[in-house]
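# Structural overview
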Amino acid sequence: MNKGWITAMLLAVLGLTGCREVADNTFSVNAGWKFYRLDNPELKDTGFESAGFDDSAWENVDLPHSAYLEPRVITNQWQGVCWYRKAFDVGEDLADTKIFLTLEGAMSQSKIWINGTLVKERAGGYLPVVVDASDFVQPGGKNILAIRLDSRDNPLTGPKPMNRLDFCMYSGLYRNVLVTLKEKVYISHPVLADKMAASTVSGCRIIPTPRPLWMPAMSWGSCRSMPSWAGSISRMTTASVN
C-alpha cells in the first residue's frame, strides 16, 4: 500500500480529512476551529471548556490566527483572554496508539482541556506546548479540544509590561497545531520530556561564565571551555526560557 493511501486512512480514522500531513505520522489540524474573544477578561468564563458547551455562535477560523487584528499604527496593543475549540473524532483503530498534540505557538498563558478535563497549563508563548493526549481522547467517539489563552502582562513570562515594549507580540494560536501518532515505544518530544540538557566535550570541561552586569539574566546562556586534567566530562545545565 503506498504512502498516500496510508495517509488518507489515518486522516479518516482521526476524523481530520481537511488536514495536511507535514511529516511522517504528523498532521496539521489548522482548519475548522471555533474562536471567541472576551470583551472583558475579568468576566467569568467558566464552562467554555465543557465538552457539552454550545459554541455554534462562535466565530469560525483557521490557523494560524491572531486573536485581534491591530491597526497599521499601534498605540495600544490588545491584551486579554480568548478561547479556541475544535471537535474531532478518534477511530477505534487508534486505541493502542500514542497521540500527541502540539501547539507550535500559543500566546501566552495557556490552559488546555480535552473532553472537559484540564490536561495542560503553560506560561510562555514561544516554545511549543506539547500534550500527550493518549489517555484523554475517546476512541470511537467525538472529542472536544478547548484552549484558553491569556495575553495579559505576567511577571513570570515577561519580558516586561506590554506598554513599555517597542515591538508587538503575537496573540492567539499564531502558528500550527499538530497531531502526531506514535507507537508505544517512541522518541519523546524534548519539551514534553522536560529534562535538563547535558553538554559533553572530549578533553575539556564546560563551565558557565559569570554574567555581565549589563546583560539580563534571561539573555545569558553562553559558556566557556577550560582544559581538564584527565579529559573528564562534566555536566552543564542551563535554564530554559519560554
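A quick note: this is a predicted structure, and the numbers were derived from the prediction, not measured.

Of all residues in the chain, 72% attain a pLDDT of 70 or more, and the chain-wide mean is 78. Here strand S15 (residues 223-227) stands out as the least confident element of the chain, with mean pLDDT 38; strand S4 (residues 59-61) is the most confident, with 98. Residue range residues 200-206 is modelled with pLDDT below 50. Its contacts to residues more than four positions away, or to other chains, number 23 contacts.

What follows is about the pattern of salt bridges. Side-chain pairs of opposite charge can arise where the charged atoms are in close proximity. Counted according to the given criterion, the structure contains five salt bridges. Between Arg-148 and Asp-45 there is a salt bridge, with its nearest N and O atoms 2.9 Å apart. In this pair, Arg-148 sits in strand S11 (residues 141-150) while Asp-45 sits in the loop between strand S3 (33-37) and S4, placing the two residues 103 residues apart along the sequence. Side by side, Arg-148 and Asp-45 carry an identical accessibility label, which is buried.

Moving on: the environment of Phe-136. Mapped onto the fold, Phe-136 is located in the loop between strand S10 (129-132) and S11. On a C-alpha basis, the gap between Phe-136 and Ile-99 in space is 9.6 Å, while along the polypeptide they are 37 residues apart. Leaving out residues up to four positions away in the same chain, Phe-136 has contacts with Ile-114, Asn-115, Thr-117, Val-119 and Asn-143.

By the element assignment, Asn-30 lies in the loop between strand S2 (26-28) and S3. Looking at Asn-30, the relative accessible area reads 12%, which means it is buried. A polar atom in the side chain of Asn-30 sits 2.8 Å from the side chain of Asn-176. Non-local contacts of Asn-30, meaning those with residues more than four positions away in its chain, are made with Asp-62, Leu-63, Asn-176 and Val-177.

Calculation notes
- Residues numbered from 1 in each chain as written.
- Predicted model: local features only at pLDDT ≥ 70, side-chain atom pairs only at ≥ 80, totals over all residues.
- Heavy atoms only, no water.
- pLDDT = per-residue confidence, 0-100.
- Helix = DSSP H or I, 4+ residues; strand = E, 2+ residues; numbered from the N terminus.
- Contact = heavy atoms within 4.5 Å.
- Salt bridge = Lys/Arg side-chain N within 4 Å of Asp/Glu carboxyl O.
- Buried < 20%, exposed > 50% of the residue type's maximum accessible area, 1.4 Å probe, protein only.
- Polar contact = N/O pair within 3.5 Å; in protein donor to acceptor, adjacent residues only side chain to side chain.

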